[in-house]
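Structural characterization, general
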Amino acid sequence: MFEVNIAIVLLVSLIIMVMLGVHIAVALGMASALGVYLVTGNFGVVERMLASTAYEALRDYVFAVIPLFMLMGEFIARSGAVTDIYKGINRGLRRIPGRLALATVLGNALFSLVTGVSIASAAAFSRVSYPEMKRHGYQRAFALGSIAGSSCLGMLIPPSVLMIVWGILTEKSIGALFLAGVIPGLMVAGLFCVYILGAAILRPELVGAGRGTAAAAPAASPVSAGSPPVEAPEAVDQMALWTSILGIVLVVVTVLGGIWFGFFTPTEGAGAGAFIALVLAIVKGLRFRDIIDCVLAVGRTSAPILILLVMASLYSRTLAMTGVTNAIQDAFLGAGLGPAMVLLIMIGIWFVLGMFIDSISIMLLTVIIFEPIAVSVGFDSIAFAVIGVLAIEAGLLTPPFGLLVYTVKAAIDDKDISIWTIFWSSTPYWVVLLLAVVLVAFFPGIATFLPKLMF
Amino acid sequence: MPFVRHLIRFSDQLSKFLMVISAVWAMCLSILIVADILGNNLVGHAIPGVREIVISSIVMIVYLQLGYAIRSHSMLRADSLLLVMPGVLRRIALALGYALGLVLFLMILRGTISPSVHAWTTSEFWGEGALRVPVWPTRFMILLGSALAIVNYVVAALIDVLGLEEGGRSLDPADERRG
């Protein structure tokens, strides 16, 4: 029972530290240090192991993908390409009920092809599409729900930072995980659209019916004042729109195409993507100062993630060394739980954790333990990755601390809307995510079909 | 406490400076990678050692950014309980958290000293043939980064726990939330 005692001490101390608000990287590091000390009883070993992990953990070509993909997303987010594309989609959807909300979902799906973090999408679309929906008389809660909900697509559709972290933790091919997210991502986007269409048809007041669209749409851009058709929902600068589309298509084709067809490693793809995005940003008029801002913003957000990965690697080494992984696995399997029950417990834990901490931290804490258990009760490891990302993303929309909802709330700066209103209107979206979890659990082919085709 | 304020200002400027350097460095890596891809496909030969440079760089970049990440409250944490705690308890929890951070990086610092000396005195190299990269810069960056992390945990504790003012910049916990 030696391992079981250490397992309990290690996990309990970890949970206490995380709950007390200790930096998660520090909590992982200190819990591991404690575990190593309990096993070896030698303080020198602890220090040597810490130092060797600090040096070794990130020494792999793959870790560069995280800052590089974030750089790519940041450049594109600030270039204004999102606004152009949103307006373009919007125009394309004329006459369809709830088109502004639909354009938000589709724009998010497209934007998530070039960004790896949901927060970026949530912030960008709160600024771009919320004012538009408000102007057209959409119910504000409905509008914000669609923004918070559809920004989840950022983590599902490649390139996704969550998939990269999952791949690193479980030593799976990142390219394969990216592919696995494609069909579920499109499926979720489709279900979001179905929900919005349904809501718009059944309750037209949600989407501002009764107010003339054309009357409420003055031309926004003076550049195109002469040419666009009068009934256009929003005048679009054609030149800007096509530059943005071309740039994004180029990034997507180069990065994802390059990775999937084997021209690039994920790192090379990310490097090339960041470079093309930089060129796009310059073409779209980003100044030197803005570029430096992007670079610094990525520096601020990527370093904490990489530090977390260092400590997570220490944590996984410790878990293996102290036999904690085996102890937990035996406890799970010994209880004679069926796959459905195991999955239910894991999703429950993710859901609860999602109320308190961010998705990457949740992964670092749980995936190392959960993945082998899931595989041993018969889940496909690729499908399980998609299930995990879906369930963890759902936690970002649920009260009391759903991160995406807070991001949207912070970005719109509207005192009249309470956080609970946004939580309430985001509910259909996380229900859809959980529905997708069930679908992938029963039909793993949804996730594994494309990776099996390519790899 | 003018001395403490000078110390804080100095460590803040150093942290910020290192962060800027490393952020620009990460940017340069993407250019280097593109040059490598182009060289490989157009001219027919890749730039030797890009892989080794990128690997070494990422490790160094992370430790260069560590101090700033701590100081700017960008380190990921669960702050929901902290936000609802009464003042005294929150200070205790914060103090505990910063103390643990300090101890962790002190252990990393102490553990890294001997391998750093070894890497320097024996001119240790690594690499898979294309380019042999010295080990000591990475080890030294870990030393520097951990040392700055320790200082910044002390600074964070001075400001958040003991309530030392920091020239008007508020510490809004909402800023700490990242995903």
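Everything numeric here is computed off the predicted structure, so don't read it as measured data.

**Digging into the overall build of chain B**
- Looking only at helices and strands, chain B features 5 helices and 2 strands.
- Counted from the first residue to the last, chain B has its helices and strands arranged as α-α-α-α-β-β-α.
- Long-range contacts, defined here as pairs at least 24 residues apart, represent 75% of the contacts in chain B between residues at least 6 apart.
- Accessible area for chain B stands at about 8,400 Å²; split by element, carbon and sulfur atoms hold 69% of it.

**Details of the interface of chain B and chain A**
- Taken together, the contacts link 57 residues of chain B with 62 residues of chain A.
- For the pair chain B and chain A, the summed buried area comes to about 5,300 Å², and 76% of that belongs to carbon and sulfur atoms.
- Taken together, the connections running from chain B to chain A amount to 1 salt bridge.
- Between R110 of chain B and E47 of chain A there is a salt bridge, and its shortest N-O distance comes to 2.5 Å.
- Run the count over chain B and chain A and you get 6 residue pairs in polar contact (both at pLDDT 80 or more).
- Examining the composition of the side of chain B that touches chain A, we find that 14 residues originate from one element, helix α4 (residues 87-121) of chain B, more than from any other.
- For the side of chain B that touches chain A, the per-class residue count stands at 40 nonpolar, 10 polar and 7 charged.

**Some details on the packing of helix α6 (residues 99-111) of chain A against helix α7 (residues 118-135) of chain A**
All names here are of chain A.
- Closest axis-to-axis distance for the α6/α7 pair is 11 Å, and the angle between their directions is 155°. Relative to α7, the element α6 lies roughly antiparallel. Like other packed secondary-structure pairs, α6 and α7 cross with a definite hand, here right-handed. Counting all contacts with α6, which are made through L100, A101, T104, G107, N108 and F111, the residues of α7 involved are A120, S121, A124, F125, S129, E132 and M133.
- Looking at side-chain class alone, the contact of α6 with α7 contains 7 nonpolar, 5 polar and 1 charged residues.

**Description of the confidence of the model for chain A**
All names here are of chain A.
- Per-residue confidence for chain A averages 84 on the pLDDT scale, and 93% of its residues sit at or above 70.
- Looking at the elements of chain A, mean pLDDT is at its lowest for helix α16 (residues 324-334), recorded as 79, and at its highest for helix α12 (residues 182-202), recorded as 93.
- The low-confidence segment residues 212-232, where pLDDT is below 50, has 25 contacts with residues more than four positions distant or belonging to other chains.

**Focus: the nonpolar core**
- Counting residues in hydrophobic clusters, the biggest one holds 226 residues, and the most contacted among them are L28, I66, F75 and I76 of chain A together with F105 of chain B.
- Of all the elements, helix α15 (residues 288-322) of chain A adds the most residues to this core, at 16 residues.
- Within the second largest apolar cluster, 6 residues are counted, among which are V4, I8, L158 and I159 of chain B.

**Describing the packing of aromatic side chains**
- Summed over all chains, the structure comprises 20 aromatic pairs over all chains.
- Where Y195 of chain A meets Y429 of chain A, the ring centres are 5.4 Å apart and the plane angle is 85°; that geometry is what we call edge-to-face. With Y195 of chain A in helix α12 and Y429 of chain A in helix α21 (residues 419-442), this residue pair connects regions lying 234 residues apart in the sequence.
- Judged by relative accessible area, which is 29%, Y195 of chain A ranks as partly exposed.
- Each ring, one from W120 of chain B and one from F140 of chain B, has its centre 5.9 Å from the other, and the planes form 35°; the classification is tilted. Pair noted here: W120 of chain B is in helix α4 and F140 of chain B is in helix α5 (residues 136-160), with a separation of 20 residues, a long-range link.
- A residue is classified by how much of its surface remains accessible, and W120 of chain B, at 48% relative accessible area, is partly exposed.
- Counting every residue linked through ring pairs, the aromatic cluster contains W166, W350, F370, F379 and F384 of chain A.
- A cation over a ring is seen here: R139 of chain B above Y55 of chain A, with NZ or CZ 4.0 Å from the ring centre.

**A look at the packing of helix α14 (residues 266-283) of chain A against helix α1 (residues 2-43) of chain B**
- Viewed as axis vectors pointing N to C, α14 of chain A and α1 of chain B meet at an angle of 110°, and their least axial separation amounts to 8 Å. As the angle between them shows, α14 of chain A and α1 of chain B are arranged roughly perpendicular. Between α14 of chain A, through T267, E268, G271, A272, A274, F275 and L278 of chain A, and α1 of chain B, the contact on the second element is made entirely by M27, S30, I31, I33, V34, D36 and I37 of chain B.

**Observations regarding unusual backbone geometry**
- Backbone torsion omega between P158 of chain A and P159 of chain A reads -10°, so that peptide bond is classified as cis.
- Relative to the helices and strands, P159 of chain A resides in the loop between α9 (153-156) and α10 (161-170).

**What about the state of the cysteines?**
- Taken as a whole and assessed by the stated rule, the structure comprises 0 disulfides over all chains.
- Cysteine C152 of chain A is unpaired, with the sulfur of C193 of chain A as its nearest cysteine sulfur at 14 Å.

**Topic: the pattern of salt bridges**
Residue and element names in this part refer to chain A.
- Counted by the stated rule, this structure contains 8 salt bridges over all chains.
- Salt-bridge contacts for E132 lead to R135; the nearest nitrogen and oxygen are separated by 3.3 Å. Within this pair, E132 and its partner R135 are both found in helix α7, separated by 3 residues, close to a single helical turn.
- On the basis of relative accessible area, R135 is assigned to the partly exposed category, the value being 30%.
- In this structure, D293 engages R289 in a salt bridge whose closest nitrogen and oxygen atoms are separated by 3.3 Å.

So, how was this worked out
- Residues numbered from 1 in each chain as written.
- Chains lettered and ligands numbered in written order.
- Predicted model: local features only at pLDDT ≥ 70, side-chain atom pairs only at ≥ 80, totals over all residues.
- Heavy atoms only, no water.
- Helix = DSSP H or I, 4+ residues; strand = E, 2+ residues; numbered from the N terminus.
- Contact = heavy atoms within 4.5 Å.
- Areas by Shrake-Rupley, 256 points an atom, 1.4 Å probe, with all protein chains shown as cover.
- Buried area = accessible area lost by both parts, 1.4 Å probe.
- Salt bridge = Lys/Arg side-chain N within 4 Å of Asp/Glu carboxyl O.
- Polar contact = N/O pair within 3.5 Å; in protein donor to acceptor, adjacent residues only side chain to side chain.
- Nonpolar A, V, L, I, M, F, W, Y, C, P; charged D, E, K, R; others polar.
- Axes fitted to C-alpha atoms, helices over the stretch in contact; angles between N-to-C directions.
- Parallel < 35°, antiparallel > 145°, perpendicular 65-115°, else oblique.
- Left-handed = near helix turned anticlockwise from the far one by under 90°.
- pLDDT = per-residue confidence, 0-100.
- Core = buried A, V, L, I, M, F, W, Y, C linked by side-chain atoms within 4.5 Å.
- Buried < 20%, exposed > 50% of the residue type's maximum accessible area, 1.4 Å probe, protein only.
- Phe/Tyr/Trp six-rings, centres within 6.5 Å; stacked < 30°, edge-to-face > 60°.
- Lys NZ or Arg CZ within 6 Å of the ring centre and 35° of its normal.
- Disulfide = S-S within 2.5 Å.

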